[in-house]
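Letter by letter, the chains look like this.
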Amino acid sequence: MKRNIIAIAIVVTIFGCNSEKKEYASSSKAEMADTVPLDTLAPEKIIKTADMRFRVKDVQQTKEQLSKTIKAEGGAVAEFSIESSIQETEKVKQSTDSLKEITSYRTEGFLVAKVPSEKLDEFTNTISKMAVFVNSAAMKMDDQSIVYLANKLKAQNRVEAIEKINKVATKKSANVESSLFIKDDYIDKKIANMQIDDRVKFSTITLNFYQDNTVSTMTVANDNLYDYRPGFANRLWLNIVNGWTIFKEIILALANLWMVFLVGLGLFFIIRYFVRKNKIAMEMATKHLMDSRQ
């Protein structure tokens, strides 16, 4: 009896091990089936960007040519600016009231454009032909395939999660907030992929271009007031006349003070009278003292 029980236990153990091996093998195959499509489903999402700096004959004309070329290639100008900076300026006297202004300035242009990615190389070659010479040119390729695939799979997972949450949304009110959070995250993933698609379809190129220093001349008004003064002889005569005018004004101003002069003159005689009187009294007192001593 014991031998029969032991034999049955051995048989059960053997079959159990075989079933575990089969389950492990089946689960491994399922995992492989899930992982293999990930590589095959990953779309190619290459983002291209380029930068160029080059010298041209005329910045304004180059900007106009670039705009036409970009439009013809099916692209668009995203940003542009033209700036002139003065390097040196000088004013030369031409006449009493005019100067010749000589200015040396540098003009630079900045343009950011979006062009179809498949035409980026052709567009950069066209720009090279416009330039006198190219200072620098660079292109960068950013592979966003894995990021795009991750966003896509995460978005699918969120759709499934929302469906499951909506089934029990009436039982637990907290699930409503979870559903909204997942929906918002789903939208973020979709928008991120839309942005990647747009950047893959249209490449961004940044252009910096400049021209040689330009010298311009222009006649301007003389702002030095000293040059507008009369000649020496005229100024001398005008100063003499002005001195006589000032002298007359002083006399007239003093004439307004005649009462002050009268009061001052009266005080002068009064003070003089008392001084003399005191002096005579002192002399008489001294003489009387001398006589009494004798």
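Before reading further, recall that the structure is shown in the block above.
For clarity, every value in this text was computed on a predicted model and none was experimentally measured.

Next up on the list: the pairing of strand E3 (residues 98-116). For a regular strand, side-chain orientation follows a simple rule: the groups alternate between the two sheet faces. The pairing of strand E2 (residues 76-95) with E3 spans 17 bridges and is classified as antiparallel. Counterpart to Lys93 in the pairing with E3 is Leu99. Adjacent in sequence and paired antiparallel, E2 and E3 are bridged by two residues. Pairing of E3 with strand E6 (residues 214-221), which is carried by eight bridges, proceeds in the antiparallel orientation.

Right, let's talk about the pairing of strand E1 (residues 46-55) for a bit. Pairing between E1 and strand E4 (residues 133-143): 10 bridges, direction antiparallel. The residue bridging Thr49 from the neighbouring strand is Lys140, located in E4. Pairing between E1 and strand E5 (residues 202-210): seven bridges, direction parallel. In the strand pairing of E5, Arg55 is matched with Tyr210.

Another aspect to go through is the pattern of salt bridges. Applying the stated criterion across every chain, the model contains four salt bridges. Two residues, Glu73 and Lys119, come together in a salt bridge whose shortest N-O distance is 3.9 Å. With Glu73 in the loop between helix H2 (59-72) and E2 and Lys119 in the loop between E3 and helix H3 (120-130), this pair connects stretches of sequence that are 46 residues apart. Owing to a relative accessible area of 12%, Glu73 belongs among the buried residues under this scheme. Between Arg106 and Glu108 there is a salt bridge; the shortest N-O distance is 3.1 Å.

A word on the environment of Met130. Relative to the helices and strands, Met130 is located in helix H3. In this structure, the C-alpha to C-alpha distance between Met130 and Arg55, residues 75 residues apart in sequence, is 9.0 Å. In contact with Met130, not counting residues within four places along its chain, are Val56, Gln65, Leu66 and Thr69.

What counts and how
Residues numbered from 1 in each chain as written. Predicted model: local features only at pLDDT ≥ 70, side-chain atom pairs only at ≥ 80, totals over all residues. Heavy atoms only, no water. Pairing = 2+ DSSP bridges. Helix = DSSP H or I, 4+ residues; strand = E, 2+ residues; numbered from the N terminus. Salt bridge = Lys/Arg side-chain N within 4 Å of Asp/Glu carboxyl O. Buried < 20%, exposed > 50% of the residue type's maximum accessible area, 1.4 Å probe, protein only. Contact = heavy atoms within 4.5 Å.

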